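The primary structure of each chain is shown beneath.
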Amino acid sequence: MFYYPVNDFGPVMKGMIIGGLGIFHVYLAQFAIGGGLLMSWFQWRSMRGGADGGELYTRFIDGLFRVLVLVSFVTGAVTGVAMWFTTIQISPRTIGLMVDEFHWVWAIEWTFFCLEVAAGYAFYRRGPTLDPRSRLTLLLMYSLAAWMSLFWINGILSWQLTPGAWHETHSVWQGFFNPTFWPSLIFRTLSSMATAALVACLVVNLSSRFDAEERRRLVHASFRFLAPMAVMPLLGAWFLAAVPEASRTWAMGGSIAMTMFLGIGVGASALIGGYAVVLLLKKSMTVNGATAALLIALGFGATAGAEFVREGIRKPYTVHGTLYSNSITQDEVARFRREGCTTGDPYPLRGERELPEQLGLGAHVFRVQCSVCHTWDGANGLAHLTSGWTDDQLRLNIAQLQRTKNFMPPFAGTPEELEALVQWLRWGHADKPDGWLATDDPRVIAQIQRHLDEVGVEPGVRVGSSADSNH
């Protein structure tokens, strides 16, 4: 089933809604995971006592940080539900495929999430009254459940970019333990620890429960959680080596946006790591509230950059090699070239009756094939992207999208649908006049058919290559 009811968000690109919400969700969820690990470590240190001052760590755990961890996993849960809701609204076929393939994995993940909620809430309510060993047990239970939730989700998300042997076998486990599963899981775990350490530094500075010396000791103890960041460059290299060549090319200079966001992620992480090295080497040094807030902002920037790149380098797919970003499969491209992409769509076009037939068809083609990544004149708007193109340029560039920009999926429609889209674009560029003459020149349709035949139905044709060199 290809057709689903479609929502329109005006000038806001649909992918931006999922991406923006996803970044906040990931950051909150990572803090919830790292926060549990940090509290477990501090609880263990408090039980060791000695010169470290066990009471100091207990006081930290039972203060504002414990509340923030509770807030983070609650808001993480709320944004997680919001992610489900928006994804179903925007890309139902993608989320349908993910559920179809991994429904038992989702079920296992939700089981651990329930345990995470129960253990986290129990510690929030009863933690200060429990004996040290029970406190550590409860915190470890919370941390394990939170990390296992990451473990299962990571397998599904990394499968979208690198399905690996799943393409041949459709084995759940071969798809789950795909080529980027381990570098992605370890990287996210270290990111979670770093996020928790930076938030802890801010909390220490905001709290009146500690004097200057206690703040310095807690900051240094928290910054030890940043030490594993030293292996992040290796993990990043491992991840890039495991992704498809085309995806790696996007990130390493093939796409200005991808390269820029990769640079933001790497640069922000390097600044945090460099600061951590200096602080860990200089025992008398500490971090004040303003610096901690700046480091948290850098951490958010690093997370946003990494998530943007992870989503972006998957183009033109939402599930690599299987489902294009417009929810059309590779097999359906050839069929829609023959039958049309709008022919079987049971859902009417809003305002269809107000448009001439050809313009209505063009608007319909835009909705089916383009609207998930483009708007008319908002974010990533076609009004701007196609400004200045002649009719013939529009026909050629759309017919050979994968050649025009090889992160685009192939056009999946008939020559008549493509010509209707061209006329809808021209009508828009002309400020949408009341009257618009339909074009029905057979020579134009024949030329579009030649453009389509020349490029074929496969993705990613290299610029300057012939149709028989598709890959």
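Residues numbered from 1 in each chain as written. Predicted model: local features only at pLDDT ≥ 70, side-chain atom pairs only at ≥ 80, totals over all residues. Heavy atoms only, no water.

Looking at an unreviewed UniProt entry, one finds the chain named Cytochrome c domain-containing protein, with Posidoniimonas corsicana as its source organism. Under the heading Sequence similarities (unreviewed entry), UniProt records this for the chain: "Belongs to the cytochrome ubiquinol oxidase subunit 1 family." (UniProt positions renumbered as here; feature names shortened; annotations may be inferred.)

Asker: Hey, could you run me through the overall build of the chain in this one?
Answerer: Across its full length, the chain holds 20 helices and two strands. Over its C-alpha atoms, taken along the principal directions, the chain stretches across nearly 90 × 45 × 40 Å. Counting all 471 residues of the chain, 50% fall into the buried class. Relative to all contacts within the chain whose residues are 6 or more apart in sequence, the contacts with residues 24 or more apart total 75%. Roughly 21500 Å² of accessible area belongs to the chain as shown, and the carbon and sulfur atoms make up 65% of that amount. (Helix = DSSP H or I, 4+ residues; strand = E, 2+ residues; numbered from the N terminus. Buried < 20%, exposed > 50% of the residue type's maximum accessible area, 1.4 Å probe, protein only. Contact = heavy atoms within 4.5 Å. Areas by Shrake-Rupley, 256 points an atom, 1.4 Å probe, with all protein chains shown as cover.)

Asker: I'm lost on the packing of aromatic side chains in this one. Help?
Answerer: How two aromatic rings sit relative to each other is given by the distance of their centres and the angle of their planes. Following the criterion strictly, the structure yields 32 aromatic pairs and no others. With centroids separated by 5.1 Å and ring planes inclined at 85°, the aromatic side chains of phenylalanine 151 and tryptophan 152 adopt a geometry described as edge-to-face. Classification of phenylalanine 151 as buried rests on a relative accessible area of 11%. Looking at tryptophan 152, the relative accessible area reads 11%, which means it is buried. Ring centres of phenylalanine 177 and phenylalanine 181 lie 5.0 Å apart, and the angle between their planes is 70°; this geometry places the pair in the edge-to-face category. Overall, phenylalanine 177 belongs to the partly exposed group, its relative accessible area being 38%. For phenylalanine 181, a relative accessible area of 0% translates into the label buried. Aromatic ring contacts, followed pair by pair, group Trp147, Phe151, Trp152, Trp173, Phe176, Phe177, Phe181 and Trp182 into a single cluster. (Phe/Tyr/Trp six-rings, centres within 6.5 Å; stacked < 30°, edge-to-face > 60°.)

Asker: How should I be thinking about the UniProt feature "domain: Cytochrome c" (unreviewed entry) in the chain in this particular structure?
Answerer: The residues that UniProt annotates with the feature "domain: Cytochrome c" (unreviewed entry) are residues 362–425. Helix and strand shares over residues 362–425 are 58% and 0% respectively, and the end C-alpha atoms of the span are 8 Å apart.

Asker: I would appreciate a short explanation of the confidence of the model for the chain in the present structure.
Answerer: Detailed reading of the predicted coordinates is not advisable wherever pLDDT is low. Looking at the chain as a whole, the pLDDT averages 90, with 96% of positions reaching at least 70. Counting contacts from residues 463–471, a segment whose pLDDT is below 50, to residues more than four positions away or on other chains yields 13 contacts. (pLDDT = per-residue confidence, 0-100.)

Asker: Got a minute to help me understand the environment of phenylalanine 308 in this structure?
Answerer: You can see phenylalanine 308 is positioned in helix α13 (residues 289–312). What makes phenylalanine 308 partly exposed here is its relative accessible area of 32%. A sequence separation of 43 residues divides phenylalanine 308 from glycine 265, and the C-alpha atoms of the two residues are 9.5 Å apart. Sequence-distant contacts of phenylalanine 308, that is, excluding residues within four places in its chain, are made with Ala257, Met258 and Phe261.

Asker: Would you take a moment to explain the UniProt feature "transmembrane region" (unreviewed entry) in the chain for this structure?
Answerer: Using the residue numbers shown here, the UniProt feature "transmembrane region" (unreviewed entry) corresponds to residues 16–42, 63–84, 104–124, 136–161, 181–204, 225–244, 256–280 and 287–306. As a span, residues 63–84 carries 95% helix and 0% strand, and end to end its C-alpha atoms are 33 Å apart. A helix fraction of 90% and a strand fraction of 0% characterise residues 287–306, whose end C-alpha atoms lie 26 Å from each other.

Asker: I'm lost on the environment of glycine 49 in this one. Help?
Answerer: Among the secondary structure elements, glycine 49 is positioned in the loop between α1 (14–48) and α2 (54–61). For glycine 49, a relative accessible area of 22% gives the class partly exposed. As a C-alpha pair, glycine 49 and threonine 439 span 390 residues in sequence and 83 Å in three-dimensional space.

Asker: Looking at this model, I keep getting lost on helix α19 (residues 415–429). Mind explaining?
Answerer: Side chains of residues three or four places apart in an α-helix project in the same direction, reflecting 3.6 residues per turn. Counted at 1.5 Å a residue, the expected span for α19 with its 15 residues is 21 Å, and the 21 Å between its end C-alpha atoms agrees. The elements touched by buried residues of α19 are α15 (357–370), α16 (382–385), α17 (391–399) and α20 (442–455). Just past α19, the residue aspartate 431 takes up positive phi, approximately 65°. (Expected span 1.5 Å × (residues − 1).)

Asker: Help me out: how do you make sense of the domain arrangement of the chain in this one?
Answerer: Interface extent is often summarised as the accessible area lost during association of the parts. Along its sequence, the chain is organised into domain 1 (14–321) and domain 2 (330–454). A C-alpha centroid distance of 41 Å is found between domain 1 and domain 2. Listed per partner, the contact involves ten residues of domain 1 and nine residues of domain 2. A buried area of about 830 Å², summed over both sides, lies between domain 1 and domain 2, and 55% of it is on carbon and sulfur atoms. Of all residues in domain 1, the largest losses of buried area upon contact with domain 2 belong to Lys14, Trp250 and Pro316, amounting jointly to 50% of the total for that side. (Domains from an automatic or database assignment. Buried area = accessible area lost by both parts, 1.4 Å probe.)

Asker: Is there a simple way to think about the pattern of salt bridges in this case?
Answerer: Two side chains with opposite charge may pair up if their charged atoms get near one another. The final tally for this structure, using the stated rule, is 17 salt bridges. When the shortest N-O distance is used, the salt bridge between aspartate 62 and arginine 135 registers 3.1 Å. With a gap of 73 residues between them, aspartate 62 in the loop between α2 and α3 (64–90) and arginine 135 in helix α5 (residues 132–161) connect regions that are remote in the sequence. Taking relative accessible area as the criterion, aspartate 62 reaches 18% and is therefore assigned buried. For arginine 335, the salt bridge goes to glutamate 339, with nearest N and O atoms at 3.3 Å. Of this pair, arginine 335 and glutamate 339 both sit in helix α14 (residues 330–339), four residues apart, which is roughly one turn of the helix. By relative accessible area, which is 43% here, glutamate 339 ends up partly exposed. The structure contains a network of salt bridges with shared partners spanning Arg188, Glu307, Arg310, Glu311 and Arg314. (Salt bridge = Lys/Arg side-chain N within 4 Å of Asp/Glu carboxyl O.)

Asker: I tried to follow the nonpolar core on my own but got confused; where do I start?
Answerer: With 48 residues, the main nonpolar core has Phe42, Phe60, Phe65, Leu218, Phe223 and Leu226 as its most contacted residues. If you tally residues by element for this core, the top one is helix α8 (residues 181–206), at eleven residues. Beyond its immediate stretch of four places on either side in the chain, phenylalanine 65 contacts Phe31, Gly35, Leu38, Met39, Phe60, Ala196, Val199, Ala200 and Val203. Membership of the second largest hydrophobic core comes to 32 residues, among which are Leu394, Ile398, Ala412 and Leu425. (Core = buried A, V, L, I, M, F, W, Y, C linked by side-chain atoms within 4.5 Å.)

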